[in-house]
Amino acid sequence: MTSPNIPPSTIPTRARFTVLWLIFSLAVITYLDRLCISAAMPKIAAEFGLSKQQQGWIFSAFTFAYAVFEVPSGWLGDRFGARLALRRIVIWWSAFTALTGAAIGYGSLLVIRFLFGAGEAGAFPNIAKSVSRWFPASEQGRALSASFIGLAVGSAMTAPIVLTLLEHQNWRWAFVEFGVLGVLWCLAWNRWYKDSPEQHPAINAAELNLIQGERASDDASHSQPIPWRTMLKSANLHLIGIMYFAYAYGLYFYITWLPTYLSEHRGFSLSSTKWLAALPWVVSGISFAFGGWLTDRIARTGNLKLARCGVGAVGFTASAIVLTAVPQVKSNLIAALLLALALGMQTMTISAAWSVCLDVGRRYAGIVTGFMNSVGNLGGTVAPIVFGYAVGKLGSWSLPFYIMAGVFILGVPMWLMIDPHRSVVEESSASV
């Protein structure tokens, strides 16, 4: 039933695209705040005398907390709606972004980054929840890709902005300035967003029918009990989690160690590092858009298995091949370009990954995406530590790339075994 304040019209309004802009801007700010420490780490390490291993643990403190609190934060969105959940998440993480600038040493950085990760957990599951509420199924892949393009834009901007700021001010102030951005976003979100499109005065009946016409019949109210036992036994859920472990393992090299690798091992100047650290994210922005378009295009043919699992398996395989070449090339510039290409191949898969969570999660999309991101971020927790020990203890800048490639290869059969037709709360699989 439509709300009486929804204006009748045969031409759909475009209120859902305002949601898309809010999601896009949130993703930008999320990764500005998340990557700020990787760009500032050489300055921070010099001030506190941090070893490579200690740097790895600081990077991973965020990711471990993010993994632990991802499912509870995803549940919060399923239970109370994305409006409340994202408001809490953004205020929390913005506060701890700013508090990073108040760190006094290794121990305080560990605590602050852990609490930062605990606060930011659930951001992307609740973005996915918003997409599932505000977009028809045929647009969800592209809508999700907009958030991932925002991720790429924020990531690409971070190194140039932070390294430029550090030429003129102490590293501490950069964290305070980035923390303010989240508070401003939260004010806009709280004012405009509604959990139910039919409650929004900017939407008309035609747009509401477009959104609801493709909504799954089991999209129920927030108050339904959650079948935890059945969900946790789901083979699909386990495969999705392991697949995303591989994805996040590779991603967190770029989030944490990339500027250090370019400057210390490949010998690039500060000016060159700014832009070469941004390049993989520029490429990934294009790849996010392409991957979202591709998974939706194939899905419209009815071949959901190819749309999700085929795209994922191809992207992982291509990224693994390119990563094995990075440590073998002598040219520093070619190595930097290969890193950008490898991330592009990897990030082509992300819309398929999050879309398959909507396919199998349905009304429990927040929990499924939260579980996927939680297991994935365990991969993101391990990766910076492995890199730090490989460089600090073994003196090898090459071994981490071979490990990354191997993890992606292990992720390929996980992709191929996922069944996007099978709900996580159903025991029997539909035929593919």
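Residues numbered from 1 in each chain as written. Predicted model: local features only at pLDDT ≥ 70, side-chain atom pairs only at ≥ 80, totals over all residues. Heavy atoms only, no water.

Student: Quick one: what's the story with the nonpolar core, residue by residue and with numbers?
Tutor: I44, F124, M243, F253, Y254 and W354 are the most contacted members of the largest nonpolar core, which totals 137 residues. Per-element accounting of this core gives the leading share, 20 residues, to helix 1 (residues 15-48). For W354, the contacting residues outside a window of four places in its chain are F124, P125, A128, L144, F148, Y244, T369, M372 and N373. (Core = buried A, V, L, I, M, F, W, Y, C linked by side-chain atoms within 4.5 Å. Buried < 20%, exposed > 50% of the residue type's maximum accessible area, 1.4 Å probe, protein only. Helix = DSSP H or I, 4+ residues; strand = E, 2+ residues; numbered from the N terminus. Contact = heavy atoms within 4.5 Å.)

Student: Which residues make up the packing of aromatic side chains, and what are the values?
Tutor: The tally for this structure, following the rule as stated, stands at 30 aromatic pairs. Note on F253 and F387: the rings are 5.3 Å apart at their centroids and 35 degrees apart in plane angle, and the pair reads as tilted. Placement of the pair is F253 in helix 10 (residues 235-265) and F387 in helix 15 (residues 365-392), with a sequence separation of 134 residues. Each member of the pair, F253 as well as F387, is classed as buried. Taken together, the ring pairs in this structure connect F59, F253, Y254, W257, Y261, W281, F387, W397 and F401 into an aromatic cluster. (Phe/Tyr/Trp six-rings, centres within 6.5 Å; stacked < 30°, edge-to-face > 60°.)

Student: Let's hear about the side chain of S94: which residues, and what values?
Tutor: Locating S94 in the fold gives a position in helix 3 (residues 82-100). With relative accessibility at 3%, the residue S94 sits in the buried group. Excluding residues within four positions of it along the chain, S94 makes contact with G179, G182 and V183.

Student: Could you give an account of the pattern of salt bridges, naming the residues involved and the relevant values?
Tutor: Under the defined criterion, the tally for this structure stands at six salt bridges. We note a salt bridge from R172 to E47, for which the minimum N-O separation is 2.8 Å. Of this pair, R172 sits in helix 7 (residues 171-192) while E47 is found in helix 1, placing the two residues 125 residues apart along the sequence. Accessibility expressed as a relative area gives 41% for E47, which makes it partly exposed. The partner of K52 in a salt bridge is E264, with the nearest N and O atoms 2.9 Å apart. In this pair, K52 is assigned in helix 2 (residues 52-80) and E264 in helix 10, connecting sequence segments 212 residues apart. (Salt bridge = Lys/Arg side-chain N within 4 Å of Asp/Glu carboxyl O.)

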